[in-house]
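Read off the chains here:
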Number of protein chains: 2
Amino acid sequence: MYRETKQRKIIEDIIKNTREHPDALWVFQKAQEKTSKISLGTVYRTLELLVREGKINKFYDTSAVARFDSNPNPHHHLICKICGKIIDWHDENLDKRIEEIGKVNKFKDITSEIFIYGICPECQRK
Amino acid sequence: MYRETKQRKIIEDIIKNTREHPDALWVFQKAQEKTSKISLGTVYRTLELLVREGKINKFYDTSAVARFDSNPNPHHHLICKICGKIIDWHDENLDKRIEEIGKVNKFKDITSEIFIYGICPECQRK
DNA sequence: GTCGTTGCAAAGACTTTGCACTCAA
DNA sequence: TTGAGTGCAAAGTCTTTGCAACGAC
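Residues numbered from 1 in each chain as written. Chains lettered and ligands numbered in written order. Predicted model: local features only at pLDDT ≥ 70, side-chain atom pairs only at ≥ 80, totals over all residues. Heavy atoms only, no water.

(A) Layout of the protein's contact with DNA strand C. Near DNA strand C you find 19 residues, and of these A:Lys37, A:Ile38, A:Thr42, A:Ala66 and B:Tyr44 are the closest. Of what DNA strand C places within 4 Å of the protein, 70% of the atoms are sugar or phosphate. Between a base nitrogen of DNA strand C and a side-chain N or O atom of A:Arg45, the distance comes to 2.9 Å. Taken together, the elements giving at least two residues each to the surface near DNA strand C come down to α1 (6-16) and α3 (40-52) of chain A together with α3 (40-52) of chain B. Top contributing element to the surface near DNA strand C by residue count: α3(B), with three residues. Considered class by class, the residues forming the surface near DNA strand C number six nonpolar, six polar and seven charged. (Near = heavy atom within 4 Å. Polar contact = N/O pair within 3.5 Å; in protein donor to acceptor, adjacent residues only side chain to side chain. Helix = DSSP H or I, 4+ residues; strand = E, 2+ residues; numbered from the N terminus. Nonpolar A, V, L, I, M, F, W, Y, C, P; charged D, E, K, R; others polar.)

In structure tokens:
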């Protein structure tokens, strides 16, 4: 199915051997140091492939567009993976836990953004 | 300082009177129904202004680019607001709490993405 | 030889910005 | 009057995609 190309090996190697959380451009530049013949398009394609294979993880959903929320108070979001519905959610315990994690890591001025994805009751019926 | 323009009132009104979590285009289209003279640029500028004033909330960080993580196991991220450093974090209790919130809302196949922002120990010293 | 992969460049999607004009104060 | 705000279109950024050439199997 998948072919073991030079590019794929290089990219997989780079991402597996960093504790950074690099973006595509960073990976591309690293890859260029190892082989002059590689393109950004290939890096994007290969990274997506590795994500689909479950070998790596991608974060920050780039297909998402900015959304605005009339509720300025801190709260989190439940998002339906099927219909895209978004439900506001506030949970003190969750916030406390987040605070603690911040403290353990000696971080200050903690804020957080939590996205809970799932399938909503309506979409489960379909 | 800020001037009360027709456009600003319309946009603020639209966003305050929806329980949706609209994006800029949606707001723009709604606004066009009320006045033909409005541009997408103004909508973007005004929404950002409302965010800065603390009147509304913006989510999905669109200045963020996709990042890839060599750790494919579920975990969350602590991010320094100053230097951008990202620390992986796994917390069972947090995950349990998230599961519960999913259940309460009758959502299935729960996954989550948590971003904890703060100032890291190194940056606190500067 | 086949067909999955690649490089390249163009296209896409969303958002920001420069500029001259407009209009709130 | 005057400068903050606007419309418009162009530019910007990140990412995806079409296509001919390439190369793993």
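(B) Spotlight on the interface of chain A and chain B. In this assembly, 62 residues from chain A lie in contact with 62 residues from chain B. One salt bridge in this structure joins B:Asp91 and A:Arg97, with 3.3 Å as the shortest N-O distance. For the interface between chain A and chain B, the tally reads 26 residue pairs in polar contact (both at pLDDT 80 or more). In terms of residues, the side of chain A that touches chain B owes the most to one element, strand β5 (residues 108-119) of chain A, which gives twelve residues. Looking at the side of chain A that touches chain B, its residues break down into 32 nonpolar, 14 polar and 16 charged. Summarising the sheet, β5(A) and strand β5 (residues 108-119) of chain B pair through nine bridges and their orientation is antiparallel. Bridging across to β5(B), A:Ile119 finds its partner in B:Lys108. (Contact = heavy atoms within 4.5 Å. Salt bridge = Lys/Arg side-chain N within 4 Å of Asp/Glu carboxyl O. Pairing = 2+ DSSP bridges.)

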